[in-house]
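Summary of the model geometry
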Amino acid sequence: MKGRTRDEWVTSLGNVSAAEAIAILKRYGFAAIYVDRAQYQDCGHELFEGFTKMELSILESSRGDLFYVFLNSK
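One structure accompanies this document, and this report is about it. (Residues numbered from 1 in each chain as written. Predicted model: local features only at pLDDT ≥ 70, side-chain atom pairs only at ≥ 80, totals over all residues. Heavy atoms only, no water.)

Here we come to the overall build of the protein chain. Tallying secondary structure elements over the protein chain gives 3 helices and 3 strands in all. Reading the protein chain from its N end, one meets helices and strands in the order α-α-β-α-β-β. Looking at the protein chain as a whole, 22% of its 74 residues are labelled buried. For the protein chain, long-range pairs separated by at least 24 residues make up 41% of all intrachain contacts whose partners lie at least 6 apart in sequence. For the protein chain, the exposed area adds up to about 5,600 Å²; of that, 54% sits on carbon and sulfur atoms. (Helix = DSSP H or I, 4+ residues; strand = E, 2+ residues; numbered from the N terminus. Buried < 20%, exposed > 50% of the residue type's maximum accessible area, 1.4 Å probe, protein only. Contact = heavy atoms within 4.5 Å. Areas by Shrake-Rupley, 256 points an atom, 1.4 Å probe, with all protein chains shown as cover.)

Take the sheet that holds strand E1 (residues 32-36) next. Taken in spatial order, the 3 strands of this open sheet run E1-E3-E2, and their pairing is antiparallel. At either margin of the open sheet sits one strand with a lone partner, and together these are E1 and strand E2 (57-60). Sheet twist, expressed as the mean angle between neighbouring strand axes with direction ignored, is 20°. As paired strands, E1 and strand E3 (residues 66-70) are joined by 5 bridges and run antiparallel to one another. Note on E3: the bridge partner recorded for Asp36 is Leu66. Where helix H3 (residues 45-53) meets the sheet, its contacts fall on E1, E2 and E3, and the angle it forms with E2 comes to roughly 145°. (Pairing = 2+ DSSP bridges. Axes fitted to C-alpha atoms, helices over the stretch in contact; angles between N-to-C directions.)

Scanning the entire structure with this criterion turns up 2 aromatic pairs. Residues Tyr34 and Tyr68 carry aromatic rings whose centres are separated by 5.2 Å and whose planes lie at 55° to one another, so their mutual orientation is tilted. With Tyr34 in strand E1 and Tyr68 in strand E3, this residue pair connects regions lying 34 residues apart in the sequence. (Phe/Tyr/Trp six-rings, centres within 6.5 Å; stacked < 30°, edge-to-face > 60°.)

Treat this as a map of the structure, not an account of what it does.
Set out below in structure tokens:
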């Protein structure tokens, strides 16, 4: 149901930087971000590189079509 308080995290990600988005997701209890490369024109390369530069732990599928970014790493 739209408008439930448990869905507030979605709207809070509107126009924030990647670092701010990660902080918001952590506050809401998220532990990882799941990325399906097929959903991006560049196959998620720019996104992957951005997470890599943030020094977050990343687990990539054996086919390379998916990856998980762990938010509580370091």
